[in-house]
Amino acid sequence: YGKWLGKPGDKITQSLNLLLIATSLALFARGFQRINSIRTGATLSIALASFFLCSAAWSVGPGASLRQGILYLFVVIGAAGIVSNLESDDFMDLLALVCFLTGVVSLVLLFVSPGNALTSDGDFIGIFPQKNLLGQAMAIGALACLHGLRTRSRKRWRSAGMLLLITIIALESQSATSCVTIFFFCGTDALITLIRKGGVAQLLAIGAVVVLLTPCLLLAAYPESLLEMIGKDPTLTGRTDIWTYVIPDIYQKLWFGWGYEAFWSPDNPAAMEIGESLRWFAPQAHNGLLEMLLSVGLIGTAFLIFMLARNISLGVRCLRTSDRSLAISSLLCCAGIILLGITETVLLAGLEASTGVFFIIGLYCERALRLRQGHSAASRRPIHRHAAQRQTAST
């Protein structure tokens, strides 16, 4: 919540972090007996978090890497604990409700105390430190609401109502990337529904894909011209300027990076030099891939990309199970992270909404596949036993 001087060492912040650690440990311990169903994913996730934690050894800001690495580790442990204790539909319902409530409280704060809900530039941040974090939370909430629309026949009106308010709040935040992500979620989900119905609906879906694909290709081919045409800044509000400056710093520490969450420390001369060149201090590279390379180098970035590719693969395989809605949510989550990563940091900050949800949904897909394999093995065993009994009787 919020942004104020001395927040990292504030008693409230420290208490919330300790509560996160205690809750993660409690969830993990409670579901430890069922951890085998997500053993591979949990091991890989903990290994990734351990690498971030170990980066304190070579970090330009060891204290920051150590603190943030510990939080990331317990976010991952908590993710494994959630999957071991809750069903996927129950978790997505809870996620939708939490994101919806943060949006409602942000709106209440806007009316009660506008000075705390708005920045000096007039950006709507609600109870979040910045508008992009508010937008990202709303995007994840939209993903959870869409999951509820697919799976909860009795609660569809509630999910639809929450989705509408979440979208309005995201638009109010003016976080362009998050708004695009929400509309992508809704559009893709609608197309999938039409395709699954078949017939005329399927033809309409294919036509819509063709129509939407044209502006996407134009944007990829001529981004600056198209942005100028619609009245947007071709530099994405100065973001592309930052990219130019950080690339040389990436090459300075190519393999291991500058240390997890350490590059943008005020004590780092390289970050201060970028700030002086831009005439404003940039707290991040405003690009997911560049931020990964700065923070954890090629090795850490390759690990993160592998985890993303693994989640996509699990989602595709999960489409062949009875948990198709979970598979769709997982694939949409991965696509959303790629979209958000164009201009924002993704999968690095443990306390951002998308990071925890990414690990949790991936683990749910792994659990669904393992349960399917277990059911298949169990259904085959009686057949072999009856065959052996028949062979014994005939003998």
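For clarity, every value in this text was computed on a predicted model and none was experimentally measured.

Chemist: Mind showing me how you'd approach the overall build of the chain here?
Modeler: Of the regular secondary structure elements, the chain holds 15 helices and zero strands. Taken over 395 residues, the chain has a buried fraction of 45%. In the chain, the proportion of contacts linking residues at least 24 apart, taken out of those at least 6 apart, comes to 71%. Within the structure as shown, the chain displays about 20,500 Å² of accessible surface, and the carbon and sulfur contribution to it stands at 66%.

Chemist: So what exactly am I meant to see when it comes to the nonpolar core here?
Modeler: Grouped burial of nonpolar side chains is what soluble globular proteins tend to show. Formed by 76 residues in total, the largest nonpolar core has its most connected members in Phe-52, Tyr-72, Leu-95, Met-138, Leu-304, Phe-358 and Phe-359. Setting aside its immediate chain neighbours within four residues, Leu-304 contacts Leu-48, Phe-52, Tyr-72, Met-292, Val-296, Leu-347 and Leu-348. Grouped together as the second largest cluster of nonpolar side chains are 15 residues, Trp-243, Ile-274, Ala-285 and Leu-290 included.

Chemist: Before we go on, may I ask you to explain unusual backbone geometry in this structure?
Modeler: For Gln-174, which is not glycine, the phi torsion reads 60° and is therefore positive. With respect to the helices and strands, the residue Gln-174 is situated in the loop between helix 7 (156-173) and helix 8 (176-197). Phi at Leu-347 is positive, roughly 65°, even though this residue is not glycine. Summarising the element assignment, Leu-347 is placed in the loop between helix 14 (324-340) and helix 15 (353-394). When its relative accessible area of 3% is taken as the criterion, Leu-347 is described as buried.

Chemist: Is there a simple way to explain the pattern of salt bridges in this structure?
Modeler: Pairing is possible between side chains of opposite charge, provided their charged atoms come close. In the structure shown here, the tally under the stated rule is four salt bridges. As a salt-bridge pair, Arg-310 and Glu-366 come within 3.1 Å of each other at their nearest N and O atoms. In this pair, Arg-310 is assigned in helix 13 (residues 288-318) and Glu-366 in helix 15, connecting sequence segments 56 residues apart. Take Arg-310 and Glu-366: they sit in the same class, and that class is buried. On the accessibility criterion, Glu-366 (3% relative accessible area) is buried. Overlapping salt bridges bring together Arg-310, Glu-366 and Arg-370 as one network.

Chemist: Sorry, what's going on with the confidence of the model for the chain here?
Modeler: Low pLDDT marks stretches whose predicted atomic positions should not be read closely. When pLDDT is averaged along the chain, the result is 84, and 80% of the positions lie at 70 or above. Across the chain, helix 2 (residues 39-54) holds the top mean pLDDT of 96, while helix 10 (residues 223-229) sits lowest at 47. Counting interchain partners and residues more than four positions distant, the pLDDT-below-50 stretch residues 225-236 has 15 contacts.

Chemist: What is the right way to read the packing of helix 6 (residues 131-151) against helix 7 from this model?
Modeler: Helix-helix packing is described using two parameters, namely the angle between the two axes and the distance between the axes. Put simply, helix 6 and helix 7 touch, their axes get as near as 9 Å, and they point 160° apart. In terms of axis orientation, helix 6 runs roughly antiparallel to helix 7. Once helix 6 is placed against helix 7, the crossing between them reads as left-handed. Between helix 6, through Lys-131, Leu-134, Gly-135, Met-138, Gly-141, Ala-142, Cys-145, Leu-146, Gly-148, Leu-149 and Arg-150, and helix 7, the contact on the second element is made entirely by Arg-156, Ser-159, Ala-160, Met-162, Leu-163, Ile-166, Ile-169, Ala-170 and Ser-173. Taken together, the residues of the contact of helix 6 with helix 7 break down into twelve nonpolar, five polar and three charged.

Chemist: Explain helix 6 here, please?
Modeler: Two residues of an α-helix separated by three or four positions point the same way, owing to the 3.6 residues in each turn. Between its terminal C-alpha atoms helix 6 stretches 30 Å, which fits the 30 Å expected from 21 residues at 1.5 Å a residue. Judged by how many residues are buried, helix 6 sits mostly within the fold: 17 of 21 residues are covered.

Chemist: Hey, could you run me through the packing of helix 4 (residues 88-112) against helix 7 in this one?
Modeler: Where helix 4 contacts helix 7, the two axes come as close as 10 Å, and the packing angle between them is 45°. If you check the angle between helix 4 and helix 7, you find them oblique. Remark: the crossing between helix 4 and helix 7 carries left-handed chirality. For the pair helix 4 and helix 7, contact is made by Asp-93, Ala-96, Leu-97, Phe-100, Gly-103, Val-104 and Leu-107 and by Arg-158, Met-162, Leu-165, Ile-166 and Ile-169, respectively. Considering only residue class, the contact of helix 4 with helix 7 consists of nine nonpolar, one polar and two charged.

The rules we used
Residues numbered from 1 in each chain as written. Predicted model: local features only at pLDDT ≥ 70, side-chain atom pairs only at ≥ 80, totals over all residues. Heavy atoms only, no water. Helix = DSSP H or I, 4+ residues; strand = E, 2+ residues; numbered from the N terminus. Buried < 20%, exposed > 50% of the residue type's maximum accessible area, 1.4 Å probe, protein only. Contact = heavy atoms within 4.5 Å. Areas by Shrake-Rupley, 256 points an atom, 1.4 Å probe, with all protein chains shown as cover. Core = buried A, V, L, I, M, F, W, Y, C linked by side-chain atoms within 4.5 Å. Salt bridge = Lys/Arg side-chain N within 4 Å of Asp/Glu carboxyl O. pLDDT = per-residue confidence, 0-100. Axes fitted to C-alpha atoms, helices over the stretch in contact; angles between N-to-C directions. Parallel < 35°, antiparallel > 145°, perpendicular 65-115°, else oblique. Left-handed = near helix turned anticlockwise from the far one by under 90°. Nonpolar A, V, L, I, M, F, W, Y, C, P; charged D, E, K, R; others polar. Expected span 1.5 Å × (residues − 1).

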